[in-house]
Amino acid sequence: MPATKSYAAHSATTPLEPWVLERRDPKPTDVQIEIQYCGVCHSDLHFARNEWGMTVYPIVPGHEIVGRVTAVGSAVTKYKVGDTAGIGCLVDSCRECDNCKHGEEQYCTNGFVFSYGSMERDGSGMTYGGYSKSIVCHEDFVLKISDNVDLAATAPLLCAGITTYSPLRHWKVGPGMKVGILGLGGLGHMGVKFAVSMGAEVTMLSHSPSKQADAERLGAHKFVLTSDEAQAKSVMGYFDFILDTVSAPHDYNMYLGMLRTNGVMCCVGVPPEPTPVHSMSLVFGRHTLAGSLIGGIAQTQEMLDYCAEHNIVSDIEMIRMDEINDAYERLLKGDVRYRFVIDMASL
Ligand code: NAP
Ligand code: ZN
Ligand code: ZN
């Protein structure tokens, strides 16, 4: 049981600090990865501070994991030592339910296992995430990463990338569609890049005037400052599809009003508190309010290959492991351009 350096939160109100965890030795079907970079998702912060009321402490966050394969079990067929590889939010599922059989392990009806804060399926202990030196995982949940990409800027694709790519594919976003991306943070900036690359007309819906130039640089065709009443009014009844990536409570009714007839708004942001939705916001215009959770393993691989082909990576700010608590404060202020990535060599 190799002792592994990590950073953990021990309660909702204390900062993350160094901690040593025990990783399992690789089983026959396992891959061991030395972690080089790990992205910082707002979900890490929600979990570390128990904002969703389901955290088990100590918790080692981090589910945007990339690095090199350092060991493989005797039965592993897809990876060898030295390969570049990644792990996202999922490390296990039942593989037998209807959803697993259709490549949607994130909706496993027998209980998927998240890369941190979950009980292992065999009950052997909790999972610990990527704010650590290494990780061990069944090869079925490891992703292949091309050697030709910017590895640090690829890490955020493992969550921010797949979480935005998956619903854009599910709702068949493409040419001729008017798409709004709500919130320009880690998920939002990937949403803009993907929706633009898929050929849609893309509008950035942001409450931060300082982000307009960046939205345009990322490829958005329009920018709407949602806190400006006149600007918000100008897009009422306008969008075929809105992807809502906002991490804090906000008025869904206002954004549902921006949909045209039969329009869909899909939430991927998960604010800690619920917000009331008036049925009027749905019935007038036959609107749909939907949600989406990350994406399955096959689609995550498809997204990584799509990014390699289209030269898509995340815009990142590299931080040291000991800067993580400051990074969380900056996330809360919307002060990230547009994903923090931890250089694991600093741990
Ligand atoms: P992030 O980088 O912090 O971005 C969130 C963005 O939301 C901010 O940049 C800001 O954009 C907007 N925002 C923040 N506070 C706001 C407020 N009070 N009012 C209006 N807008 C506000 O976070 P992230 O990592 O992209 O994650 C976003 C959310 O998605 C989190 O709740 C996270 O847990 C969730 N998530 C869900 C999944 C899933 O599978 N469904 C996967 C990953 C993450 P503007 O400044 O442009 O307004
Ligand atoms: Zn995430
Ligand atoms: Zn299943």
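Rules used in this analysis
Residues numbered from 1 in each chain as written. Chains lettered and ligands numbered in written order. Predicted model: local features only at pLDDT ≥ 70, side-chain atom pairs only at ≥ 80, totals over all residues. Heavy atoms only, no water. Domains from an automatic or database assignment. Contact = heavy atoms within 4.5 Å. Buried area = accessible area lost by both parts, 1.4 Å probe. Salt bridge = Lys/Arg side-chain N within 4 Å of Asp/Glu carboxyl O. Nonpolar A, V, L, I, M, F, W, Y, C, P; charged D, E, K, R; others polar. 1 Å grid on protein atoms, 1.4 Å probe; cavity = no way out; pocket = protein on both sides within 12 Å on 5 of 7 lines; lining within 4 Å. Points joined across faces, edges and corners; volume = space filled by probe spheres on them. Donors = N, O, S within 2.8 Å, 3.2 Å for Na, K, Ca; no water. Tetrahedral: all angles 85-135°; square planar, octahedral: opposite > 155°, others 65-115°. Buried < 20%, exposed > 50% of the residue type's maximum accessible area, 1.4 Å probe, protein only. Core = buried A, V, L, I, M, F, W, Y, C linked by side-chain atoms within 4.5 Å. Helix = DSSP H or I, 4+ residues; strand = E, 2+ residues; numbered from the N terminus. Axes fitted to C-alpha atoms, helices over the stretch in contact; angles between N-to-C directions. Parallel < 35°, antiparallel > 145°, perpendicular 65-115°, else oblique. Near = heavy atom within 4 Å. Polar contact = N/O pair within 3.5 Å; in protein donor to acceptor, adjacent residues only side chain to side chain. Phe/Tyr/Trp six-rings, centres within 6.5 Å; stacked < 30°, edge-to-face > 60°.

Here we take up the domain arrangement of the protein chain. Bring the parts together and some accessible area is lost; that lost area is often taken as the interface size. Looking at the protein chain, the domain boundaries give domain 1 (3-159 + 314-346) and domain 2 (161-291). Every contact between the two is made by 14 residues of domain 1 and, on the other side, 19 residues of domain 2. Across the domain 1 to domain 2 interface the summed buried area is about 1,400 Å²; carbon plus sulfur atoms make up 51%. Taken as a group, C159, D315 and Y338 account for 40% of the area that domain 1 buries against domain 2, more than any other trio of residues on that side. There are three salt bridges connecting domain 1 and domain 2. Close ionic contact of D315 with R217 constitutes a salt bridge, the shortest N to O distance being 3.1 Å. Residues belonging to the side of domain 1 that touches domain 2 are distributed by class as follows: six nonpolar, four polar and four charged.

Attention shifts here to empty space enclosed by the protein. Scanning all chains against the criterion turns up one cavity of 30 Å³ or more. Residue lining of the largest cavity: G88, C89, L90, L143, L158, I162, I294, G295, G296, I297 and T300, and that is the complete set. Residues of the lining of the largest cavity, tallied by class, amount to seven nonpolar, four polar and no charged.

Below, the discussion takes up the coordination of the zinc ion (ligand 3). Each protein donor to the zinc ion (ligand 3) is listed here as C94 (SG), C97 (SG), C100 (SG) and C108 (SG); together their distances run 2.3 to 2.4 Å. Angles of 103 to 117 degrees at the metal separate the four donor atoms of the zinc ion (ligand 3), which places the site in the tetrahedral class. When the donor residues of the zinc ion (ligand 3) are listed from N- to C-terminus, their spacing reads C-x2-C-x2-C-x7-C. Judged by relative accessible area, which is 8%, C94 ranks as buried.

Below, the discussion takes up the nonpolar core. By size, the foremost hydrophobic cluster in this structure holds 92 residues, and its most contacted members are V40, Y131, F194, F241 and I324. Domain assignment of the residues forming this core places at least three in each of domain 1 (3-159 + 314-346) and domain 2 (161-291). When residues no more than four places from it in sequence are discounted, the contact partners of I324 are Y7, L16, V40, Y131, I319 and I342. The next biggest cluster of nonpolar side chains, apart from the first, holds 16 residues, and it includes V246, Y255, L259 and C267.

Turning to the coordination of the zinc ion (ligand 2), a few remarks are in order. Protein coordination of the zinc ion (ligand 2) is provided by C41 (SG), H63 (NE2) and C159 (SG), with donor distances spanning 2.0 to 2.2 Å. Each donor residue of the zinc ion (ligand 2) lies on the same chain, and together they follow the pattern C-x21-H-x95-C. Taken together, the residues H63 in the loop between α1 (42-48) and β4 (65-72) and C159 in the loop between α3 (151-154) and α4 (160-170) connect sequence positions 96 residues apart. Assessed through its relative accessible area of 5%, C159 is described here as buried.

In helix packing, the relevant descriptors are the interaxial angle and the interaxial distance, both defined with respect to the helix axes. Where α4 contacts helix α10 (residues 297-310), the axes come no closer than 10 Å and their chain directions differ by 100 degrees. As judged from the angle between their axes, α4 and α10 are roughly perpendicular. Residues G161, I162, Y165, S166 and R169 of α4 touch α10, and the partners they reach there are Q299, T300, E302, M303 and Y306.

What follows is about the site of ligand 1. Near ligand 1 there are 28 residues, and of these H42, S206, H207, S208 and R339 occur at the shortest range. In this structure, L187 approaches ligand 1 through a main-chain N or O atom, which is 2.8 Å from an oxygen atom. Note that an oxygen atom of ligand 1 is positioned 2.7 Å from one of the side-chain N or O atoms of K211. The set of elements that each furnish at least two residues to the shell around ligand 1 consists of α1 and α5 (186-197).

The next thing to look at is the layout of surface pockets. The gaps of empty space that remain are located by a probe, the size of a water molecule, rolled over the atoms. Quantified by volume, the second largest pocket comes out at close to 570 Å³. In terms of lining residues, the second largest pocket is bounded by 26 residues, among which R24, E120, S124, M126 and T127 are the most central. Elements supplying a minimum of two residues to the lining of the second largest pocket: β2 (17-22), β6 (90-92) and β8 (134-138). Taken together, the residues of the lining of the second largest pocket sort by class into 10 nonpolar, six polar and 10 charged.

Of all the 11 residues making up α4, nine are buried; the element is thus mostly covered by neighbouring parts of the structure. Listed as buried for α4 are A160, G161, I162, T163, T164, Y165, S166, P167 and L168. Where α4 is buried, its residues contact α5, β13 (239-244), β14 (259-267), α10 and β17 (339-343).

The next thing to look at is the packing of aromatic side chains. Applying the stated criterion across every chain yields a total of nine aromatic pairs. A ring pair is formed by W19 and Y128, whose centres lie 5.3 Å apart and whose planes are at 65 degrees; its orientation type is edge-to-face. Of this pair, W19 sits in strand β2 while Y128 sits in the loop between β7 (113-114) and β8, and the two are 109 residues apart along the sequence. Since its relative accessible area comes to 23%, W19 is described here as partly exposed. Between F47 and W52, the aromatic rings sit 5.3 Å apart at their centres with planes inclined by 80 degrees, giving edge-to-face as the arrangement.

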